[in-house]
Amino acid sequence: GPLVALRGPDGSPRRLPRTEFLPAGVSYNETTGAYTLDPSHPAYQSLGAGETETVSVRLSTVENGRIVPVILSWTITGENDAPVVTVVDPRAGSEKDTPERVSLNLFRDLTSVQDIDRTDRPAFAAGSAVVAAAAGSNTSDTSLISVDQTTGDISYDRASFNFLGAGQSAIFTVSFDVISGPDRIHEVVTLTITGENDAPIVSATNPATGSEKDGSEQVSFNLFGLVTAHDADQTDTPAYKTDSVLV
């Protein structure tokens, strides 16, 4: 850092009384009489780009028997420091038979930002969110996830994923940007909704009433043809179970 040393008429360092309380980052060398400022000291890292701070040391020395006040000053100019951004994936959700809205905010709930520059205010970059189906997802329908591009809120209805079978998952990546001062950082989180087994809805009708006949006439019908079955799970296909008939 910058060095400052007062010297006498003969060029030798003039000793100044060592200050008991020096400003942050300022040190005194008793051998050379030099005062040094280290501008990388943590006390000055909060300066934003273009901001300045003056650091001064008030001293006194003796010249021709007189006490002369001395002020040593440095001006520190701030520079932009990139923020430190970390994100976490939202907790895995699951489908549900009945509607239930799940909501979270990309910035407030999933993002942690540290920006040492006091002039910078980290925030979600409006319009930056993009939802995409991830590898291994059992659906590619990104319209199931709602995004508010102004606030960074995302939401979904658990009932919209009732089609997932047991062991299946809807997996989406949600990419977005965080801004802080002049910096823009791109981040990605993964949203997972898991499927569960849903019992089928089954109804059956009785076969048409038959009647006797003098001659031989075979009447046939299929038991499963008398059944209406609906299973929300896309992995399940209703069918007649072999050897299950009991008359």
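About the thresholds
- Residues numbered from 1 in each chain as written.
- Predicted model: local features only at pLDDT ≥ 70, side-chain atom pairs only at ≥ 80, totals over all residues.
- Heavy atoms only, no water.
- Helix = DSSP H or I, 4+ residues; strand = E, 2+ residues; numbered from the N terminus.
- Buried < 20%, exposed > 50% of the residue type's maximum accessible area, 1.4 Å probe, protein only.
- Contact = heavy atoms within 4.5 Å.
- Pairing = 2+ DSSP bridges.
- pLDDT = per-residue confidence, 0-100.

Asks: In this structure, what is going on with the environment of Ser220? I would like to understand it.
Replies: Within the secondary structure, Ser220 is located in the loop between strand E16 (201–204) and strand E17 (227–230). Classification of Ser220 as exposed rests on a relative accessible area of 63%. Residues Ser220 and Pro182, spaced 38 residues apart in sequence, show a C-alpha to C-alpha distance of 79 Å.

Asks: Can you help me understand the side chain of Ser94 in this one?
Replies: Assignment of secondary structure puts Ser94 in strand E7 (residues 93–94). Overall, the relative accessible area of 16% leaves Ser94 in the buried class. Among residues more than four places away in sequence, those in contact with Ser94 are Arg158, Ile193, Thr194 and Glu196.

Asks: What exactly am I supposed to notice about the sheet that holds strand E12 (residues 146–147) here?
Replies: Pairing between the strands of a sheet comes from backbone hydrogen bonds, and it takes one of two forms, parallel or antiparallel. A sheet is described by the order of its strands in space; here three strands give the open sequence E8-E13-E12, paired in antiparallel fashion. The strands lining the two open edges of the sheet, one partner per strand, are strand E8 (101–105) and E12. Note: E12 against strand E13 (residues 153–157), two bridges, orientation antiparallel. Considered in E13, the bridge of Ser146 is made with Ser155.

Asks: Would you explain the pairing of strand E9 (residues 111–114) in this entry?
Replies: Here E9 shows a buried face lined by Thr111 and Val113 and an unburied face lined by Ser112 and Gln114. In this sheet, E9 lies alongside strand E6 (residues 84–87) in antiparallel orientation, the contact comprising four bridges. Among the inter-strand pairings, Val87 is bridged to a residue of E9, identified as Thr111.

Asks: Would you explain the confidence of the model for the protein chain in this entry?
Replies: Interpretation of the predicted coordinates at a detailed level should be avoided for regions scoring low in pLDDT. Scored by pLDDT, the protein chain has a mean of 86; 91% of the residues are at 70 or more. Confidence over residues 1–5 falls short of pLDDT 50; this stretch has 18 contacts with residues more than four positions distant or in other chains.

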